[in-house]
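# Chains, contacts and geometry: an overview
Letter by letter, the chains look like this.
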Amino acid sequence: MAAKEVSLRTLADSVVEHVGDGLSPYGVHFTNASCASIVAELLEIPEHHYFLAVDRSWIVAVSTEGDLDIIDQLRFENDQLRDPGER
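Below, the structure is looked at part by part. Keep in mind it's a predicted model, so treat the numbers as computed, not measured.

Scoring rules and cut-offs
Residues numbered from 1 in each chain as written. Predicted model: local features only at pLDDT ≥ 70, side-chain atom pairs only at ≥ 80, totals over all residues. Heavy atoms only, no water. Salt bridge = Lys/Arg side-chain N within 4 Å of Asp/Glu carboxyl O. Helix = DSSP H or I, 4+ residues; strand = E, 2+ residues; numbered from the N terminus. Buried < 20%, exposed > 50% of the residue type's maximum accessible area, 1.4 Å probe, protein only. Axes fitted to C-alpha atoms, helices over the stretch in contact; angles between N-to-C directions. Parallel < 35°, antiparallel > 145°, perpendicular 65-115°, else oblique. Left-handed = near helix turned anticlockwise from the far one by under 90°. Contact = heavy atoms within 4.5 Å. Nonpolar A, V, L, I, M, F, W, Y, C, P; charged D, E, K, R; others polar. Core = buried A, V, L, I, M, F, W, Y, C linked by side-chain atoms within 4.5 Å. Arc of directions from axis to C-beta.

All right, on to the pattern of salt bridges then. On inspection of all chains with the given rule, the structure shows 3 salt bridges. In this structure, Glu17 engages Arg56 in a salt bridge whose closest nitrogen and oxygen atoms are separated by 3.1 Å. A residue pair is termed long-range when its members are at least 10 positions apart, and Glu17 in strand 1 (residues 15-20) and Arg56 in the loop between strand 3 (49-53) and strand 4 (58-62) qualify at 39 residues. Accessibility expressed as a relative area gives 46% for Arg56, which makes it partly exposed. Salt bridges here are not isolated pairs; linked through shared partners, they connect Glu5, Arg9 and Asp72.

As structure tokens, this is what we get:
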């Protein structure tokens, strides 16, 4: 599910950043070309994972316990512009 969510938000020419909170000694940058497979591989590391758009418009956080949290500022702003009856 996390790979799907990150892939949905990754535009054709954009870069995603990954950071972990424990075992990963450094961050990783990758593009949409190999997004799903890289996310799947990174999730094999037992730590919390944070996948971010370079412009910080969204973040997908995955806990070691398997919780998935998504903050998508662009989607949030678009929802705020719509008529409340349409939501």
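Here we come to the packing of helix 1 (residues 2-9) against helix 2 (residues 35-42). Closest axis-to-axis distance for the helix 1/helix 2 pair is 9 Å, and the angle between their directions is 140°. Taken together, the axes of helix 1 and helix 2 are oblique relative to one another. Remark: the crossing between helix 1 and helix 2 carries right-handed chirality. Mapping the contact onto sequence places Ala2, Ala3, Val6 and Ser7 in helix 1 and Cys35, Ala36 and Val39 in helix 2. Of the residues assigned to the contact of helix 1 with helix 2, the class counts are 6 nonpolar, 1 polar and no charged.

Here we come to the nonpolar core. The nonpolar side chains of a soluble globular protein tend to be buried with one another. In terms of nonpolar packing, the biggest core is built from 13 residues, with Val6, Val16, Phe30, Val39, Phe51, Trp58 and Val60 touching the most fellow members. Of all the secondary structure elements, the ones that give two or more residues to this core are helix 1, helix 2, strand 3 and strand 4. Beyond its immediate sequence surroundings of up to four residues, Trp58 is in contact with Val6, Arg9, Thr10, Val16, Phe51, Leu52, Ala53, Ile71 and Asp72.

Another aspect to go through is the environment of Glu44. Note that Glu44 resides in the loop between helix 2 and strand 3. Under the relative-accessibility criterion, Glu44 is labelled exposed at 63%. For the pair Glu44 and Thr64, spaced 20 residues apart in sequence, the C-alpha to C-alpha distance is 9.9 Å.

Every buried residue belonging to helix 1 is among Ala2, Ala3, Glu5, Val6 and Arg9, and all of these are buried. End-on, the buried residues of helix 1 take up no more than an arc of 165°, which puts them together on one face. Exposed positions of helix 1 whose direction lies more than 90 degrees from the buried face are Lys4 and Leu8.

From the geometry alone we can't say anything about function, so treat these as descriptive.
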